[in-house]
Amino acid sequence: MGGIIINKLINKIACVLLSLSLIICNFQKVSMVQAAENTVSLSVSGQELYDEAYKILKIVNKERKAAGVPPLTMNKTLMKGAMKRSAELSIYYSHTRPNGASCFSIEELSKIGYNFAGENIAANYSDAKSVMNSWMKSSGHKKNILNSKFKSIGIGVFKHNGSLYFTQVFTNVKSTTPTKPSNKKVTKSINTLRNNTKISINEKKLSLKKGSSKKLYVKNLNQGWPYVYANLNNSNIKWTSINKNVAKISKEGMVLAVGTGEATIKATLPNGTSASCKITVPGVQRLSKSYKSSASIK
């Protein structure tokens with residue numbers, strides 16, 4: 001969980017520092033375009049939970065009222081950006097986006113034209129109440145929530161693989177709160193640096209009987225939150241089998257044991273990052289019976 005703020009109305013000295021930062025950021029973006037092998041689009045599916053987002057807005061304004069600060073409005077454009085950021089957190093949990101850019105680089109911020117913005121993020125809380133309790137106990141996050149310079153907010157809540165990812169994006173831009181959308185299932189394509197991509201297959205070793213099948217899928221280890229994985233869709237994953245006489249694999253990741261022996265199943269992303277699973281199909285064991293003869297005398 002973390003909070004960050006940016007002010008575009010700054011003095012000349014700070015402006016020089018910010019310019020250097022922007023130059024570095026722009027250079028990184030150009031480098032990423034020129035070295036496409038360092039990036040890849042990862043596809044994840046989940047739910048955008050607008051019910052929880054609007055509950056968070058309600059609690060935010062309750063806290064602001066108690067502090068004597070005017071309420072925030074939900075900005076429709078910012079909410080779209082916050083939902084995007086929450087999905088990105090499932091790939092890389094950080095104020096830096098998975099593609100290496102600043103969290104303030106989302107196009108939704110540039111669309112509304114702002115000069116003061118902030119971001120709070122959190123993950124793995126059960127609901128709006130629990131995440132807000134935690135944010136309000138953290139001085140940096142609380143400062144963003146109660147900042148009187150902020151006029152509007154975008155809130156994103158993305159559910160993936162059993163975890164909730166939360167984002168608050170604050171700006172000084174005035175807006176009108178739109179009607180709450182319904183929760184919906186979505187699939188997001190997230191541009192990700194090679195360094196933020198560490199994939200594996202859900203099975204490292206697998207023993208199958210001849211004629212049986214098993215669904216395999218690729219998961220990405222979150223480099224900003226160790227031990228947490230995002231399950232990736234197969235849209236840009238290439239599945240191959242080394243030794244198709246033993247095991248075949250479909251483009252959806254369904255492996256079928258067709259013969260006895262060993263095979264390696266490989267999943268490869270467009271940037272060359274890959275993971276593998278060893279398949280063993282044992283031969284039929286024939287049972288042999290031995291008989292002992294015994295003599296009897298009557």
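The following refers to the structure shown. (Residues numbered from 1 in each chain as written. Predicted model: local features only at pLDDT ≥ 70, side-chain atom pairs only at ≥ 80, totals over all residues. Heavy atoms only, no water.)

Here the focus is the pairing of strand β13 (residues 238-242). Alternating residues of β13 divide into W239 and S241, all buried, and K238, T240 and I242, none buried. Two strands pair when backbone bridges link them, and β13 and strand β16 (residues 261-268) are joined in this way by five bridges, in the antiparallel orientation. Paired with S241 across the two strands is I265, which belongs to β16. (Buried < 20%, exposed > 50% of the residue type's maximum accessible area, 1.4 Å probe, protein only. Helix = DSSP H or I, 4+ residues; strand = E, 2+ residues; numbered from the N terminus. Pairing = 2+ DSSP bridges.)

Ranked by size, the top nonpolar core spans 38 residues in total, and within it I91, L216, L232, W239, V255, I265 and I279 carry the most contacts. Among the elements that line this core, the one with the most residues is strand β17 (residues 274-281), at four residues. Once residues within four sequence positions are removed from consideration, L232 is found in contact with L42, S43, V44, I91, I199, V218, K219, N220 and I237. (Core = buried A, V, L, I, M, F, W, Y, C linked by side-chain atoms within 4.5 Å. Contact = heavy atoms within 4.5 Å.)

Spatially, the four strands line up as an open sheet ordered β9-β17-β16-β13, and their pairing is mixed. If you trace the sheet from one side to the other, it starts and ends with β9 (205-207) and β13, each paired once. The average angle at which neighbouring strand axes cross in this sheet is 20 degrees, direction not considered. One ladder, built from three bridges, connects β9 with β17; its direction is parallel. Paired with S207 across the bridge in β17 is T280. (Axes fitted to C-alpha atoms, helices over the stretch in contact; angles between N-to-C directions.)

With that settled, the discussion passes to helix α3 (residues 76-89). The end-to-end C-alpha distance of α3, which contains 14 residues, comes to 20 Å, matching closely the 20 Å that a straight helix rising 1.5 Å per residue would cover. In terms of burial, α3 is largely enclosed, as ten of its 14 residues are buried. Within α3 the residues assigned to the buried category are L78, M79, G81, A82, M83, R85, S86, A87, E88 and L89. Put simply, N75 is the residue that caps the front of α3, since its side-chain oxygen is 2.9 Å from the backbone nitrogen of T77. (Expected span 1.5 Å × (residues − 1). Polar contact = N/O pair within 3.5 Å; in protein donor to acceptor, adjacent residues only side chain to side chain.)

Next up on the list: helix α2 (residues 50-66). The first and last C-alpha atoms of α2 sit 24 Å apart over 17 residues, in line with the 24 Å expected at 1.5 Å per residue. Within α2 the residues assigned to the buried category are Y50, E52, A53, Y54, I56, L57, V60, N61 and R64. Following α2 by one or two positions, G68 has its phi on the positive side, about 75 degrees.

The next point concerns the sheet that holds strand β8 (residues 199-201). With antiparallel pairing, three strands are arranged side by side in an open sheet as β8-β11-β12. A single partner strand is all that each edge strand has here, and the edge strands are β8 and β12 (229-232). If you compare each strand with its neighbour and ignore which way they point, the axes differ by 35 degrees on average. Across three bridges, the pairing between β8 and strand β11 (residues 218-221) is antiparallel. Bridged to S200 within β11 is K219.

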